Amino acid sequence: MSIKAEEISALIKQQIENYESDIEVNDVGTVIEVGDGIARAHGLDNVMAGELVEFSNGVMGLAQNLEESNVGLVILGPYTDIKEGDEVRRTGRIMQIPTGEEMLGRVVNPLGQPVDGQGPIETTRTRPIESPAPGVMDRKSVDEPLQTGIKAIDALVPIGRGQRELIIGDRQTGKTSVAVDTILNQHDQDMVCIYVAIGQKESTVRGTVETLRRHGALDYTIVVTASASQPAPLLYLAPYAGVTLGEDFMYNGKHVLVVYDDLSKQAAAYRELSLLLRRPPGREAFPGDVFYLHSRLLERAAKLSDAKGGGSLTALPFVETQAGDISAYIPTNVISITDGQIFLQSDLFFSGVRPAINAGLSVSRVGGSAQIKAMKKVAGTLRLDLASYRELEAFAQFGSDLDKSTQAKLNRGARTVEVLKQGLHQPLSVEKQVMIIYALTKGYIDDIPVEDVTRFESEFHTWLDNNRKDLLAEIRSTGKLAAEEDMNEAVEAFSKTFVVSE
């Protein structure tokens, strides 16, 4: 059988036409030094800042220091198997995490991987963890209240949707409790909540998750955790992961609350990373860009303009102080970035005033625009009453004879402190807050013994639920006070039924 020359040439032509060449270019470097969660690599000349790289054992890293002869890489995972001479390759991707509705009700690490033992999260959307904050024209001023359910906050330091309100205080003063109660109060507010636990014990995080689950709040909450046993890079990334998850909802027109608990531990983790990367230390050994670390995070909280969908992201950053020193480096930095702070004082906490909010040092720079009209009206004099009470309290200890007006101020102040106390995990709807503060400021509680005030309040709320649902509904739906005679009539009718304890 003979093969013709034309057939051979036709076959060769066909093969040439169908030939495809795939050239794969990989930027590959070599590890020249590794230790303490940091690696240095030579040969990654074109790597980008913040780009993900992959080590030969599959562990990922983050490019941080781009130097002339080598690149400083932060290792995102176990680093004991990585050794000098190992290969490291670029991925061409800036760090991203999965986002979307599927994340709700789950506990994830800062890389978006589930750590709650409930299987993988099926989501298709991702977002880069570093993204620019909304610009000036993309925002609008904060005008909607975020109801925390905590009387002392909603009345004295109101928080608005899209605001950044710092919660600051020593350890064990009830900071986390304030955040958890705020999350619990969002059950009927159409709000997505994200709780970021940074450097906490895993048992503590588990306790918080169980509290949220028990009250049915986990359904609209995502918990991001980087516990104390995790490497420093994960603690540094956790807040950015939290805000990225929130932004996905915000840009889809939803309202989001993000709690960072707490940023002092993130700053300490970033200091550790920076010193290991041999960046020059500044004040308190923090790197020079520690302000930028927090400002670029908190600026991503915003109330978007209607053209952008009108969503909002409210940030509640926590900062832990040492012995109440709010003039330390990290506290002053974060105070200057945020729109106000809630200062929790250990003296108040230990004397039984809980939540231990110091009304004198706490402020909300968004203020009145983040309050409903009814609350603004009844709580107007509350701050002054408290301030003058605290001032007179010192004099009253000397036991000298006090004139009538001073005595009246002391009496009102003592009852104001009692009314602003609140039990743990007992957030209160805004209309009930308005009613009890109305009763307080109009003098209906002045004759009630101080030890009976808490009981008066709880029985008053029960009585309103049973007898004056219409009054509560009116305040809730209009946001304004009901007719004064109706309000007075309700308080007076209840007062007649209240029995003072012997």
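Throughout what follows, the structure given in this document is the object of discussion. (Residues numbered from 1 in each chain as written. Predicted model: local features only at pLDDT ≥ 70, side-chain atom pairs only at ≥ 80, totals over all residues. Heavy atoms only, no water.)

End to end, helix α14 (residues 453-467) covers 20 Å across 15 residues, agreeing with the expected 21 Å (1.5 Å per residue, within 8%). Residues of α14 that are buried include every one of Val453, Phe456, Glu457, Phe460, His461, Trp463 and Leu464, and no others. Summarising the axial view, the buried residues of α14 lie within an arc of 165 degrees, below the 170-degree limit, and thus occupy one face. Residues of α14 that are buried sit in contact with α2 (151-156), α12 (404-420), α13 (430-441), α15 (469-478) and α16 (484-497). (Helix = DSSP H or I, 4+ residues; strand = E, 2+ residues; numbered from the N terminus. Expected span 1.5 Å × (residues − 1). Buried < 20%, exposed > 50% of the residue type's maximum accessible area, 1.4 Å probe, protein only. Arc of directions from axis to C-beta. Contact = heavy atoms within 4.5 Å.)

Moving on, we come to unusual backbone geometry. Looking along the chain, the bond that leaves Asp261 and enters Asp262 is cis, with omega of 0 degrees. Counting through the fold element by element, Asp262 comes out in the loop between β15 (255-261) and α6 (263-276). The step from Arg354 to Pro355 runs through a cis peptide bond, and the omega angle for that step is 0 degrees. Relative to the elements of secondary structure, Pro355 occurs in the loop between α9 (346-350) and β18 (363-364). If you check the backbone angles, Asp190 has positive phi at about 55 degrees while not being a glycine. As for its placement among the helices and strands, Asp190 is situated in the loop between α3 (175-184) and β13 (191-198). A residue is classified by how much of its surface remains accessible, and Asp190, at 61% relative accessible area, is exposed. Positive phi values are uncommon outside glycine, yet Glu284 reaches one of about 55 degrees. Locating Glu284 in the fold gives a position in the loop between α6 and α7 (290-298).

The next subject is the sheet that holds β18. Taken in spatial order, the 8 strands of this open sheet run β8-β14-β13-β15-β16-β12-β17-β18, and their pairing is mixed. Unpaired on one side and paired on the other, β8 (107-108) and β18 mark the two borders of the sheet. Across 2 bridges, β8 lies against strand β14 (residues 221-226) in parallel orientation. For Val108, the partnering residue across the bridge sits in β14 and is Val224. Those strands touched by helix α8 (residues 329-337) are β12 (166-169), β16 (312-320) and β17 (340-344), and its axis lies near 155 degrees from that of β12. (Pairing = 2+ DSSP bridges. Axes fitted to C-alpha atoms, helices over the stretch in contact; angles between N-to-C directions.)

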